[in-house]
Amino acid sequence: MADTAKKQRVDQAGSGVPGISVQEAMPTYYAKLFPTQHMVKWLAYGNDSKHAQADSHFFNRREFCFTLQGDIFVRYQAFKDGAALQEAIMRRCPDKIDIGPVYSANPMDRHKFGAAFHPVERELVFDIDLTDYDDVRTCGSGGHICAKCWPLMSVAVKIIDKGLREEFGFKHILWVYSGRRGIHCWVCDPSARQLTDEQRSAVASWFAVYKGHEEGKARVALLGGTMHPAVERAAGILRSAWEQTLLPAQRLLEDGPQCEALLRYLPEEGLVETVRKKWTEASRSRNAGNTDVNVVRWRALEEAVAERVREERSKKGGLNYKVLGPLERCVDEIIMAHAYPRLDMEVSKKMNHLLKAPFCVHPKTGKVCVPLDPKAVDAFDPVDGVPTVTSLLGELAAAKEAAEGGKPNPEAWRDTAMADAVSVFESCLLDGLAASNKEELTGRTRVAVAVGQMNVDF
Amino acid sequence: MQFLATTKPGAAEFTSQLGGNAARKGNERMFSDLSMYNTPPSENITLEEFERLALARLSVLKEMEAYRLRHANKTEKEYLDKLNQLKQKHMKGLTSSAAAAAAASGASGAAATSAQREEEVRADNISHYVLRLAYCRTAELRKWFLAQECEMFRLKFGTYSAQEHEAFLSEHAPQYKPVPADELESVMPDIMQVMRSNLETREAMARVTADPKFYKVSWTRVPELVSQRRVLLRGGWAYVSREALAPLVVAEFRAGVSKGLSEMARRWRQMFPAEEEQRLQPLVASLTNRSLVADYSGVATRYGDVSAANLPQVAAKHFPLCMGHLVTQLAAERHLRHGGRQQLGLFLKGIGLPMEEALLFWRSMFAPRCTGEAFDKQYAYNIRHNYGREGKRTDYTAHKCTTIVGFSGGPGDHHGCPYRRLDEPALRAALGRLKCDDRKVEEAVAKARDGHYQLACAAAFEGVHRVPEMDVGISAPLQYYAESRRICAERESAAVQGAAAAATGAAPAGAGGEAGALAPSVAAADGGTESRGVKRPAGGESTTGAAR
């Protein structure tokens, strides 16, 4: 597979070029590896073509924000084309590049336009960060990321990606590993780029089942015994991931406090007692084979809840939904509270929110923000499977040595792990966009023709 | 379009120079009290009626708003009853003598009612347009008016029958495509699941099964339904039942009125004929000056003695729990996350803490965890920004309760409404620290448990200040603060007077006590206009005030 090949290459390169810091490596990275042309191809949305309706100023109205060393933000940068962007990047060598909206005018001239200067379009974006899971992940906190908590991100990708495609009908969706502890999503359909802030909020709320913290536990919005089809679908994805990966990887039912926290989601004291009893029994008869203790305990919990539900249902004199409801939902509630995607809502809500560009390098980890294929997200390895700026430079040097004597290769990045990242970028986004861009331009032609005819009629 | 013109003194005339109004009017009339307000009124009315109608509508809108703020969890039916009750109270008997005469002159019952209906429609339309004129002037006024009008429209729209809806829709919202039968069959199970997940009543479900009428619209038209997950989405299409169409029509209504308002604001000067400008403009302007919108901007100047040095004492005595809690957490952790900094920072600005003092306060609170240099780099900009000294230089106002209650946050966040976010033991402990009366603590906790966070806050206020039940709920932290300052100021002055009376020895002991009891009521009447008045101004008094 492409993924293992990538890993091997990284391994061969070892620690890359020894003794070079991320900051020192950046000029070379921007000069030889950063795929500026691909980025421009993406963000121009066909307006760089020779099509009659192509708006040659479109790219020039897009805001870029550079973060220079020492956390200096330089906002409202805009560039005529790829060459100008490349030149600016090389000259200023930013720690981080953010992408903002397309404005009604060139952001550099914003003062000339006053109130007429406003954002007109922008990809619909999502940001999911592992730090927001700190209360439910046991392997680490803050900037930590490892194979144990990545499954939380991979289910998030699956749920949001599927929802965006099937429910909202979006097609051009780019997923990016953010370089440290999270993931970004860029929805690039023309209709998505045109959304108002209110509509963006609505999409974010549609996916927001996790509603923050209350009374010491995560609050999830589940009402009644029935879930909305969209939530149900998400729950299905979570349920299958829960026993297989999330529960054993996060070891949620091994130590005391963690167990207690989880038991708080059960609606009845008596039920908590039953579950505790079942757990001690299970640990006494330690012959459950080599099944993970977390899974054993989880199944015991599920069984106890199911028994209680059966008991309540068989009671005479009609069903008491006040009792039954919480019982029936508590298992799903636990799963949702621990694993349902926790979006950073603010990022998605506003058209003019900045978001870090793909292919940036994280200044601390040196990792490149590489696109990831949502279909292969389980196989993605954020710890060792992501190229770092130093590993890439190492590969670049190795390739140069191998091609000794030949003339310098202007596309040397094709011999590094960057080639894989760019090919994911192409297959997941650019290839699909090409057709959509053409359609958009043709649409504009149709409008233009219609307007022209109207004029003739007058 | 010219809106107002007069022919003779004492009468204001609505003239509409739009062609084709008469043709559209016929359709609008079908819905006696439901209107998109596309047609401005065009007739002569007296100045008196002009003002009386506007004031009546204003009172309905204000009292409806107050009712909503205090009773956030009532059913639609209850709100509608309240609206009808308010309309009865304020709009009744305001209609012109013509209708009354028609009704009285022994005309047949049907004719009388139809005349009365017509009169209602007329009053509704005129009062809407007068208020539109008054409330178009600033963004804040426009926002308020729009919100109240939309709410009223929404309530009324809900009362109409299927046929009326259909007629109304075909005229105002033709972009809704009916879902063909075969397609509907395939999505029906999912639609039912959506309904069950939203806890729709069995009757509602039965209605849908009996008469499955659905419309397919782009999801972008129904953001309200999408954000609450109250609709089925498939490939970008939302399947909306006939019953759920209301929000869409409301959106349409909102767009129309909003556009009308901004249009009017742009042409404000041309709205009044030159010779009438002197007389009409102050009248219209006064409609908003008598504003009953809760506005606490006076708080800062009235008690403008807040500085970084005395802030802790002020906080302990006068801050509502949401702000007190943030101050406590800030002092304990020497840090607050962004949401908390915004919530507290804007509030401090609201109570009159100057920017320099604010910088001093936050810097000292963040020390020693955060050095002065790091503070300047990371936080100072944001504080200056809140005070409108950076970036786009907006003068931000403090959050209201509705905003704060809506906040959610992670485990490390302390902003939001504590009555919502704290668990019961923590809430009890926090109220105990405020030295709140025990009985009131329980009342507040019970209210919070039922989701009545603002009432819980009002209960806590009563418990902390040992006052009888307030007639107004808490709708903003600044209001809590203002009320608290007011009560304490009154008590102090009463104590001083009492002491003075006792010192002179001229008055018997009983009179001293009487003076103490009297003082607050005088001060309350005096302060009422500014800090709390959600009361309807008396008709006579306002008429004279406006006519000048």
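Under an unreviewed UniProt entry, the name given to chain B is DNA primase large subunit C-terminal domain-containing protein, and the source organism is Chlamydomonas schloesseri. The Cofactor (unreviewed entry) comment attached to chain B in UniProt states, word for word, "[4Fe-4S] cluster".

If you check an unreviewed UniProt entry, chain A appears there as DNA primase from Chlamydomonas schloesseri.

Per the secondary structure count, chain A includes 16 helices and 11 strands. Here chain A, with 458 residues, has 52% of them falling under the buried criterion. Residue pairs in contact within chain A that sit at least 24 positions apart in sequence constitute 70% of those at least 6 positions apart.

In this section: the overall build of chain B. Counting its secondary structure elements, chain B contains 27 helices and seven strands. Considering only contacts in chain B between residues 6 or more positions apart, those separated by 24 or more positions represent 71%. Counting only carbon and sulfur atoms, one obtains 54% of the accessible surface of chain B, whose full area is about 26300 Å².

Turning our eyes to something else, we now look at the environment of Cys188 of chain A. All names here are of chain A. The topology assignment puts Cys188 in the loop between strand 7 (182–187) and helix 7 (190–193). Along the sequence, Cys188 and His172 sit 16 residues apart, while their C-alpha atoms lie 5.3 Å from each other. Among residues more than four places away in sequence, those in contact with Cys188 are Trp42, Tyr45, Glu123, His172, Arg193, Leu429 and Leu433.

Residues and elements named next belong to chain A. Along strand 1 (residues 62–68), seven of the seven residues are buried, which leaves the element largely enclosed by surrounding structure. Relative to strand 3 (residues 96–103), strand 1 runs antiparallel, the two being bridged by five bridges. The residue of strand 3 that forms the bridge with Arg62 is Val102. For strand 1 and strand 2 (residues 72–77), the ladder comprises four bridges, and the chain directions are antiparallel.

Glancing now at the nonpolar core. Residues Tyr29, Trp42, Leu164 and Leu301 of chain A are the most contacted members of the largest nonpolar core, which totals 201 residues. When residues of this core are assigned to their parent elements, the largest contribution, 11 residues, is made by helix 2 (residues 47–70) of chain B.

It is worth spelling out empty space enclosed by the protein at this point. All names here are of chain B. All told, the structure shown has eight cavities of 30 Å³ or more when counted by the stated rule. Every residue lining the largest cavity is listed: Cys322, Cys401, Ile404, Val405, Cys417, Pro418, Tyr419, Tyr453, Gln454, Cys457 and Pro477. For the lining of the largest cavity, the elements supplying multiple residues, two or more each, are helix 20 (401–406), helix 21 (418–421) and helix 24 (453–465). In the lining of the largest cavity, the residues fall into 10 nonpolar, one polar and no charged.

To continue, consider the environment of Pro180 of chain B. Here Pro180 of chain B shows up in the loop between strand 4 (177–178) and helix 8 (181–197). Pro180 of chain B sits 34 residues away from Phe214 of chain B along the chain, and the two C-alpha atoms are 8.7 Å apart.

The subject of this paragraph is the pairing of strand 5 (residues 124–129) of chain A. Look at any regular strand and the pattern is simple: side chains alternate between the two faces of the sheet. Residue and element names in this part refer to chain A. The buried fraction of strand 5 is high, at six of six residues. Covered by surrounding structure in strand 5 are Leu124, Phe126 and Ile128 together with Val125, Asp127 and Asp129, the residues of both alternating faces. As defined by bridge partners, strand 5 adjoins strand 7 across six bridges and the pair is classed as antiparallel. Directly across from Leu124, in strand 7, lies its bridge partner Val187.

Ordered by their spatial adjacency, four strands build an open sheet running 5-7-6-11 (chain A), and the pairing between neighbours is antiparallel. Lying at the two open borders of the sheet, with one neighbouring strand each, are strand 5 and strand 11 (371–372) of chain A.

Counting residues at the interface gives 33 residues for chain A and 27 residues for chain B. The junction of chain A with chain B conceals about 2500 Å² of combined surface from both sides, 59% of it contributed by carbon and sulfur atoms. Broken down residue by residue, the surface that chain A buries against chain B is led by Trp206, Thr226 and His228 of chain A, which jointly contribute 21%. Summed over the shared surface of chain A and chain B, the result is 10 residue pairs in polar contact (both at pLDDT 80 or more). Secondary structure elements with two or more residues in the side of chain A that touches chain B: helix 6 (150–167), helix 8 (197–207), strand 8 (210–214) and helix 9 (229–250) of chain A. For the side of chain A that touches chain B, the element with the most residues is helix 8 of chain A, which contributes seven residues. Taken together, the residues of the side of chain A that touches chain B break down into 15 nonpolar, nine polar and nine charged.

Before going further, it helps to examine helix 12 (residues 293–314) of chain A. Residues and elements named next belong to chain A. With 22 residues, helix 12 should reach 32 Å at 1.5 Å per residue; the first-to-last C-alpha distance of 32 Å fits that figure. For helix 12, the full list of buried residues reads Asn294, Val295, Arg297, Trp298, Ala300, Leu301, Ala304, Val305, Arg308, Val309 and Glu312. The opening residue of helix 12, the one whose side-chain oxygen lies 2.6 Å from the backbone nitrogen of Asn294, is Asp292.

Next up on the list: helix 3 (residues 76–91) of chain B. Residue and element names in this part refer to chain B. Across its 16 residues, helix 3 extends 21 Å between first and last C-alpha, which sits within 8% of the 22 Å expected from 1.5 Å per residue. Tyr79, Leu80, Lys82, Leu83, Leu86, His90 and Met91 are the residues of helix 3 that are buried. Along helix 3, the residues classed as buried sweep out an arc of 160 degrees about the axis, all on the same side. Across helix 3 from its buried face, at more than 90 degrees, point the exposed residues Lys77 and Lys89.

Conventions used here
- Residues numbered from 1 in each chain as written.
- Chains lettered and ligands numbered in written order.
- Predicted model: local features only at pLDDT ≥ 70, side-chain atom pairs only at ≥ 80, totals over all residues.
- Heavy atoms only, no water.
- UniProt positions renumbered as here; feature names shortened; annotations may be inferred.
- Helix = DSSP H or I, 4+ residues; strand = E, 2+ residues; numbered from the N terminus.
- Buried < 20%, exposed > 50% of the residue type's maximum accessible area, 1.4 Å probe, protein only.
- Contact = heavy atoms within 4.5 Å.
- Areas by Shrake-Rupley, 256 points an atom, 1.4 Å probe, with all protein chains shown as cover.
- Pairing = 2+ DSSP bridges.
- Core = buried A, V, L, I, M, F, W, Y, C linked by side-chain atoms within 4.5 Å.
- 1 Å grid on protein atoms, 1.4 Å probe; cavity = no way out; pocket = protein on both sides within 12 Å on 5 of 7 lines; lining within 4 Å.
- Points joined across faces, edges and corners; volume = space filled by probe spheres on them.
- Nonpolar A, V, L, I, M, F, W, Y, C, P; charged D, E, K, R; others polar.
- Buried area = accessible area lost by both parts, 1.4 Å probe.
- Polar contact = N/O pair within 3.5 Å; in protein donor to acceptor, adjacent residues only side chain to side chain.
- Expected span 1.5 Å × (residues − 1).
- Arc of directions from axis to C-beta.

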